[in-house]
Amino acid sequence: MTELEALKERHSVRNYLEKAIEQEKLDALNACIAECNQAGNLHLQLLADAGKTFNRLLNRAMGLSTAPSVIAMVGPEGQDLDERIGFYGEKIVLLAQTLGLNTCWAGTFNAGNVPAQIAEGERLVIVIAIGYGRDTGKAHRSKTAEQVSNVTAASPEWFRKGVEYALLAPTAINQQKFRIELKDDGSVNFTDLGGVFSKVDLGIVRYHFELAKATKD
Ligand SMILES: Cc1cc2nc3c(=O)[nH]c(=O)nc-3n(C[C@H](O)[C@H](O)[C@H](O)COP(=O)(O)O)c2cc1C
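Residues numbered from 1 in each chain as written. Predicted model: local features only at pLDDT ≥ 70, side-chain atom pairs only at ≥ 80, totals over all residues.

### A closer look at the site of the ligand
Logical step 1: Among the 21 residues in the neighbourhood of the ligand, the closest are listed as His 11, Ser 12, Trp 105, Pro 170 and Asn 174.
Logical step 2: Residue assignment for the shell around the ligand shows that the elements contributing at least two residues are β3 (102-106) and α7 (198-214).
Logical step 3: Of the residues that constitute the shell around the ligand, the class distribution is eleven nonpolar, eight polar and two charged.
Logical step 4: In this structure, the shell around the ligand is formed jointly by two domains, domain 1 (3-131) and domain 2 (145-214), each of which donates at least three residues. (Near = placed C-beta within 6 Å. Helix = DSSP H or I, 4+ residues; strand = E, 2+ residues; numbered from the N terminus. Nonpolar A, V, L, I, M, F, W, Y, C, P; charged D, E, K, R; others polar. Domains from an automatic or database assignment.)

Written as structure tokens, this is what we have:
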């Protein structure tokens, strides 16, 4: 499965099998995480044992407590930390999908129980549940391209595709509070319209857009 196919097939999964992720796949994920940490100045950590990360009542009710593993999305505090977390985290999410795994970004988790290393000056922004899903999730309801961008019939194909794939991105409570504008000089502006974790959302959306732009269908 290509990364673009993974982008189209990915949905959040909240119920997992009691099946550990094989070492080979953990190695592949860790290699990608090391690259992301380097490129994005981050301290993302794959925890093969999620421990009590998801022991909150809400997580148990949603099923997330069944996730065997978790990725702790940690990085040095700074202005664009949340957006970088979203951008590189989605790269890992799509790799996981190509490996036959399922994921769910999760803002609700027990922060005190995440067995991650968080150095001074770093922040645990969010986590990603990961494992073998009991199901593959389902397509989310979506805004239209016109609602989130300045796309028109005259827009170039790459922009239209970018917006289309941006709309497939996971966003917190499916809020899709972002705006993508193609400028006259050909540059693209991404704006976050506020809301919970909207900067993480924006990074995720930008990853989808840029992947679409860089890849042929
Ligand atoms: C930043 C962020 C935080 C999220 N937090 C949670 C969460 O705490 N619990 C949960 O069940 N889903 C969470 N999600 C998953 C969203 O609900 C989901 O992405 C959205 O409904 C769209 O569905 P899809 O991912 O299947 O496309 C989160 C997603 C993002 C991007």
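Now that the structure has been shown, we can carry on.
### Re helix α4 (residues 81-98)
Logical step 1: Helix length check: α4 (18 residues) gives 26 Å between terminal C-alpha atoms against 26 Å at 1.5 Å per residue, within 8%.
Logical step 2: Here α4 lies mainly inside the structure; 16 of its 18 residues are buried.
Logical step 3: Positive phi shows up at Gly 100, right after α4, with a value of about 85°. (Expected span 1.5 Å × (residues − 1). Buried ≥ 20, exposed ≤ 12 C-beta atoms within 10 Å, placed from the backbone.)

### Comments concerning the domain arrangement of the protein chain
Logical step 1: Split by domain assignment, the protein chain resolves into domain 1 (3-131) and domain 2 (145-214).
Logical step 2: Distance from the C-alpha centre of domain 1 to the C-alpha centre of domain 2: 23 Å.
Logical step 3: Counting only elements with at least two residues in the side of domain 1 that touches domain 2, the list comes to α1 (3-9), α4 and β4 (122-131).
Logical step 4: With eight residues, the top contributor of residues to the side of domain 1 that touches domain 2 is α4.

### Here we look at the environment of Gly 186
Logical step 1: Structurally, Gly 186 is set in the loop between β5 (178-182) and β6 (188-192).
Logical step 2: Overall, the presence of 8 C-beta atoms within 10 Å leaves Gly 186 in the exposed class.
Logical step 3: With 27 residues separating them in the primary sequence, Gly 186 and Phe 159 have C-alpha atoms 9.7 Å apart.

### Looking at the sheet that holds strand β2 (residues 69-76)
Logical step 1: An order of β1-β2-β4-β3 is seen for the four strands of this open sheet, with the pairing classed as antiparallel. The sheet terminates laterally at β1 (45-47) and β3, the two strands that pair on one side only. Strand-to-strand twist in this sheet, taken as the mean axis angle between neighbours without regard to direction, amounts to 25°.
Logical step 2: Here β3 pairs with β4 via five bridges, running antiparallel. (Pairing = 2+ DSSP bridges. Axes fitted to C-alpha atoms, helices over the stretch in contact; angles between N-to-C directions.)

### A few points about unusual backbone geometry
Logical step 1: Although it is not a glycine, Gln 176 sits at a positive phi angle of roughly 45°.
Logical step 2: Looking at where Gln 176 falls in the secondary structure, it is placed in the loop between α6 (157-166) and β5.
Logical step 3: Despite not being glycine, Phe 197 has its phi angle at roughly 55°, a positive value.
Logical step 4: Along the polypeptide, Phe 197 turns up in the loop between β6 and α7.

### What about the pairing of β2?
Logical step 1: Counting buried residues in β2 gives seven out of eight residues, a clear majority hidden from the surface.
Logical step 2: Inspection of the sheet shows β1 paired to β2 by three bridges, in the antiparallel sense. From the neighbouring strand, Gln 45 faces β2, where its bridge partner is Ala 72.
Logical step 3: Inspection of the sheet shows β2 paired to β4 by eight bridges, in the antiparallel sense. Across the sheet, Pro 76 pairs through a bridge with Glu 122, a residue of β4.

### Comments concerning helix α2 (residues 23-40)
Logical step 1: The end-to-end C-alpha distance of α2 is 25 Å, a good match for the 26 Å that 18 residues give at a rise of 1.5 Å each.
Logical step 2: Looking only at α2, the buried set comprises Leu 29, Ile 33, Cys 36 and Gly 40. Projection of α2 onto a plane perpendicular to its axis shows the buried side chains occupying an angular sector of 60°, all on one side. Opposite the buried face of α2, at more than 90 degrees from it, the exposed residues are Gln 23, Glu 24, Asp 27, Ala 31, Ala 34, Gln 38 and Ala 39.
Logical step 3: The secondary structure elements touched by the buried residues of α2 are β1 and α4.
Logical step 4: Taken from the residues just after α2, Asn 41 is the one with a positive phi, measuring 50°. (Arc of directions from axis to C-beta. Contact = placed C-beta atoms within 7 Å.)

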